[in-house]
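# Architecture and fold: a report
Take a look at the letters that make up each chain.
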Amino acid sequence: MSAVYTLEQILNAQTGLSADSRAFCEALLTYGEVLAVRLSYLPEGLLWLVSSPMQSRLMHAHRPDTWVLTLAEAQDLFTTLGDPCPDTLMEVAGRFATEEDDEGVEGS
């Protein structure tokens, strides 16, 4: 099952975050929107969608094994696959979530 969360939602729900972790997340948000998409077919189960390449670089520097796609990378991916190009991170998240839900239905 898939789910989409904004980084703001995650920050509001996580009262036990260290000051450094909270500052890192808040710094990410200065560069634009950040979404977390829970997908069962990924090894870590989580795909991060970010607005800018800087956010992607910061996230990979902090944790190299993190799955991160920028909006531009996601747009390139969908265009390459012949799908309509999403305009927003939420549209991208919805596409990944829909793909997972469709896979579960077809695989039943």
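Above this note sits the structure.
Residues numbered from 1 in each chain as written. Predicted model: local features only at pLDDT ≥ 70, side-chain atom pairs only at ≥ 80, totals over all residues. Heavy atoms only, no water.

## Overview of the side chain of T70
- One can find T70 in strand β4 (residues 67-70).
- Beyond its immediate sequence surroundings of up to four residues, T70 is in contact with V50, S52, P53 and S56. (Helix = DSSP H or I, 4+ residues; strand = E, 2+ residues; numbered from the N terminus. Contact = heavy atoms within 4.5 Å.)

## Some words on the pattern of salt bridges
- For the structure shown, the criterion picks out 1 salt bridge.
- Linking D65 and R63 is a salt bridge whose minimum nitrogen-to-oxygen distance equals 3.1 Å.
- Owing to a relative accessible area of 42%, D65 belongs among the partly exposed residues under this scheme.
- Given a relative accessible area of 42%, R63 falls into the partly exposed group. (Salt bridge = Lys/Arg side-chain N within 4 Å of Asp/Glu carboxyl O. Buried < 20%, exposed > 50% of the residue type's maximum accessible area, 1.4 Å probe, protein only.)

## Some points on the pairing of strand β2 (residues 34-38)
- Summarising burial for β2: 4 of the 5 residues are buried, a large majority.
- Pairing between strand β1 (residues 3-6) and β2: 4 bridges, direction antiparallel. When the bridges of β2 are listed, V4 appears paired with V37.
- The pairing of β2 with strand β3 (residues 46-50) spans 5 bridges and is classified as antiparallel. Bridge pairing in β3 links V34 to V50. (Pairing = 2+ DSSP bridges.)

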